[in-house]
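Chain by chain, the residues run as shown.
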Amino acid sequence: MKKTNLLAMMMGAFFLSVVSNAQTKPFQKEEFKQWAQTPPMGWNSWDCYGPTVEEHEVKANADYMAKELKKFGWEYVVVDIRWFVENDKAGGYNQTDPRYVIDQYGRYLPAVNRFPSAKDGQGFKPLADYIHKKGLKFGIHIMRGIPKKAVEEKMPIKGTNGITADQIYSTALQCEWLRDNYTVVADKPGAQEYYNSIFELYAQWGVDFIKIDDLSRPYHEGEINLIRNAIDHCGRKIVLSTSPGETPISAAQHVSTHANMWRMVDDVWDTWPHITHLMDVAQKWYPYIAPGTWPDCDMIPLGRISIRGERGNDRMTRLTKDEQYTLITFFNIFKSPLFFGGDLPSNDAFTLSLLTNKEVVKMHNESTAVKQLFQKDGKIAVTSKNAKDGSVYLALFNISDKDSQKVSVNLSELGISGTAEVLNMWTGEKSKTASKEIGADLKPHSSVLYQLKSKK
């Protein structure tokens, strides 16, 4: 690193520390749950741009969100993986000769050739300011652990008396698919201070959301404890998302007391088997859907994706319209966090309609008591309630590949007797039913979403 660049970074870091207004009093235990009482909603750059997203693309998506989606509750704009690499590539990762940008304390900084406003050591603060001025929130992605470069160069850990990066790492359990970092050994002196130092930096930048990768398979309880503690002491309310992989159900108690959201499955792409696998795995997570802590279905692979992404070429989603309704219906009734993966400015009217249905958004925000009634023979029924208006929600799915099927439930299972008013939440069609059951004839891969109210 050139001396002039290092000096600029040091000056920028000093500036950030001066303007930072972070509190010194730590947040209370599990206070973080208050920061995401409804499932977070936003946009993430991964499905579109892989590890190559640039500042102008982030701003374009933020601009669209502010104009079209903010009033429906969409608010987070998240820069995904490897924003600190100057020469990454689409369709994978450059692991041959990556040019990392890193400060003197072993903390990654945004690559200025991709994020020009990060010049002079300002980091992501100018971009965060841009997003905040639109009434939105800013997020980033990191990998767990400490940079290999910091270990190799024995960089000092900020906040310690001479401890260096090579004293807190292990090669054990290093991420198998991306080799930028080593594992942090949680009980080593300096381990907590390292995580404290990076969250101190992120708080100064104005980060509101962080997605941390490679935490779930295997489940890295030690590093998650360090992360939770670092956020609680950084002075800023930063929503925590753990990712990716199938978080083991054995870790449910721990993750639900340490993170705001956690991934249930690997990446969900625009193929039908990804959706059915998600629905299958989700069965064990219904009891853990709760305010502030949300099982996560992954990003929404709709609209225009893979402009420079990991999977396939630039395209509109390969899912049929029926499959798109099924995916978005399941994500919403399950109360998953909603992070759209497509390029927002490229949305067509149909894609936008999936994100801006007022009744569906209301269900996603206000419903409680989410539960699966059954999943068998290619049929699924999921229900929830809205205590504010007394309504009951019901989603019915036909996930079979060949046959149309009637999918139905007894109204008594929904706590409804007598006549019920029925709203088809996607079509807006209203009707009444006095029968003992409610259902629909559904084509393969299709679904229906109802709101029901007992008529007095």
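Residues numbered from 1 in each chain as written. Predicted model: local features only at pLDDT ≥ 70, side-chain atom pairs only at ≥ 80, totals over all residues. Heavy atoms only, no water.

Undergrad: Can you walk me through the overall build of the protein chain in this structure?
TA: Helix and strand content of the protein chain: 12 helices and 21 strands. The C-alpha atoms of the protein chain give a radius of gyration of 23 Å, which matches the 23 Å a tight globule of 456 residues would have. Projecting the C-alpha coordinates of the protein chain onto the three principal axes gives extents of approximately 75 × 40 × 40 Å. Going through the 456 residues of the protein chain one by one, you find that 57% of them count as buried. Of the roughly 18600 Å² of accessible surface on the protein chain, 49% is carried by carbon and sulfur atoms. Averaging the positions of the 56 positive and the 54 negative side-chain charges in the protein chain gives two centres separated by 4 Å. (Helix = DSSP H or I, 4+ residues; strand = E, 2+ residues; numbered from the N terminus. Rg over C-alpha atoms; globule rule 2.2 N^0.38 Å. Buried < 20%, exposed > 50% of the residue type's maximum accessible area, 1.4 Å probe, protein only. Areas by Shrake-Rupley, 256 points an atom, 1.4 Å probe, with all protein chains shown as cover. Lys, Arg positive; Asp, Glu negative; His and termini not counted. Charge placed at Lys NZ, Arg CZ, Asp CG, Glu CD.)

Undergrad: Can you walk me through the pairing of strand β19 (residues 430–433) in this structure?
TA: On a regular strand, each side chain points to the face opposite its neighbour's, so the side chains alternate between the two faces of the sheet. Alignment of strand β18 (residues 420–424) against β19, held across 4 bridges, turns out to be antiparallel. Each bridged residue has a counterpart across the sheet, and for Leu-423 the counterpart in β19 is Lys-430. Linking two consecutive strands that pair antiparallel, namely β18 and β19, is a turn of 5 residues; a positive phi of about 85° is found at Gly-428 within it. (Pairing = 2+ DSSP bridges.)

Undergrad: Looking at this structure, how should I read the sheet that holds strand β6 (residues 181–184)?
TA: Where strands meet in a sheet, backbone hydrogen bonds hold them as pairs that are either parallel or antiparallel. Spatially, β4-β6-β5 is the arrangement adopted by the 3 strands of the open sheet, whose pairing is antiparallel. One side of each edge strand has no neighbouring strand; the edge strands of this open sheet are β4 (146–147) and β5 (169–170). In the sheet, β4 pairs with β6 via 2 bridges, with the strands oriented antiparallel. When the sheet's bridge partners are listed, Ile-146 is paired in β6 with Tyr-182.

Undergrad: In this structure, what is going on with the sheet that holds strand β1 (residues 41–44)? I would like to understand it.
TA: Across the sheet, which stays open at both edges, the 8 strands sit in the order β10-β9-β8-β7-β3-β2-β1-β13 with parallel pairing between neighbours. Looking at the sheet topology across the chains shown, the edges are occupied by β10 (294–296) and β13 (338–340). The sheet shows a mean angle of 25° between the axes of neighbouring strands, direction not considered. As defined by bridge partners, β1 adjoins β13 across 3 bridges and the pair is classed as parallel. Counted as the bridge partner of Trp-43 is Phe-340 from β13. Its contacts with the sheet place helix α3 (residues 55–69) against β1 and β2 (76–79), and it is angled at close to 165° to β2. (Axes fitted to C-alpha atoms, helices over the stretch in contact; angles between N-to-C directions. Contact = heavy atoms within 4.5 Å.)

Undergrad: Whenever I open this one, the nonpolar core confuses me. Can you help?
TA: The tendency in soluble globular proteins is for nonpolar side chains to be buried as a group. Core analysis: the largest hydrophobic core is formed by 131 residues, its most contacted members being Trp-74, Trp-83, Ile-140, Phe-199, Tyr-202 and Ile-210. Here the element with the most residues in this core is helix α6 (residues 191–205); it accounts for 9 residues. Residues in contact with Ile-140, not counting those within four places in the same chain, are Val-78, Val-79, Trp-83, Phe-124, Tyr-202, Trp-205, Val-207, Phe-209, Ile-210 and Lys-211. The next biggest cluster of nonpolar side chains, apart from the first, holds 18 residues, and it includes Phe-374, Leu-414, Ile-438 and Ala-440. (Core = buried A, V, L, I, M, F, W, Y, C linked by side-chain atoms within 4.5 Å.)

Undergrad: Just checking my understanding: could you explain the packing of α3 against helix α4 (residues 125–133) for this structure?
TA: For any two helices packed against each other, the geometry is given by the interaxial angle and the distance between the axes. Two numbers describe how α3 lies on α4: the axes approach to 10 Å, and their chain directions differ by 15°. On the basis of their axis angle, the class for α3 and α4 is roughly parallel. Two packed elements cross with a definite hand, and for α3 against α4 that hand is right-handed. Of α4, the residues touching α3 (which contributes Glu-55, Val-58, Lys-59, Ala-62 and Asp-63) are Leu-127, Tyr-130 and Ile-131. Its residues placed into classes, the contact of α3 with α4 shows 5 nonpolar, no polar and 3 charged. (Parallel < 35°, antiparallel > 145°, perpendicular 65-115°, else oblique. Left-handed = near helix turned anticlockwise from the far one by under 90°. Nonpolar A, V, L, I, M, F, W, Y, C, P; charged D, E, K, R; others polar.)

Undergrad: Explain unusual backbone geometry here, please?
TA: Comment: phi is negative for the bulk of residues other than glycine, and the bulk of peptide bonds are trans. In this model, Arg-217 is joined to Pro-218 through a cis peptide bond whose omega is -5°. Within the secondary structure layout, Pro-218 lies in the loop between β7 (209–213) and α7 (221–232). A positive phi is found at Lys-154, a non-glycine position, where the angle reads about 50°. Considering the arrangement of structural elements, one finds Lys-154 in the loop between α5 (148–152) and β5.

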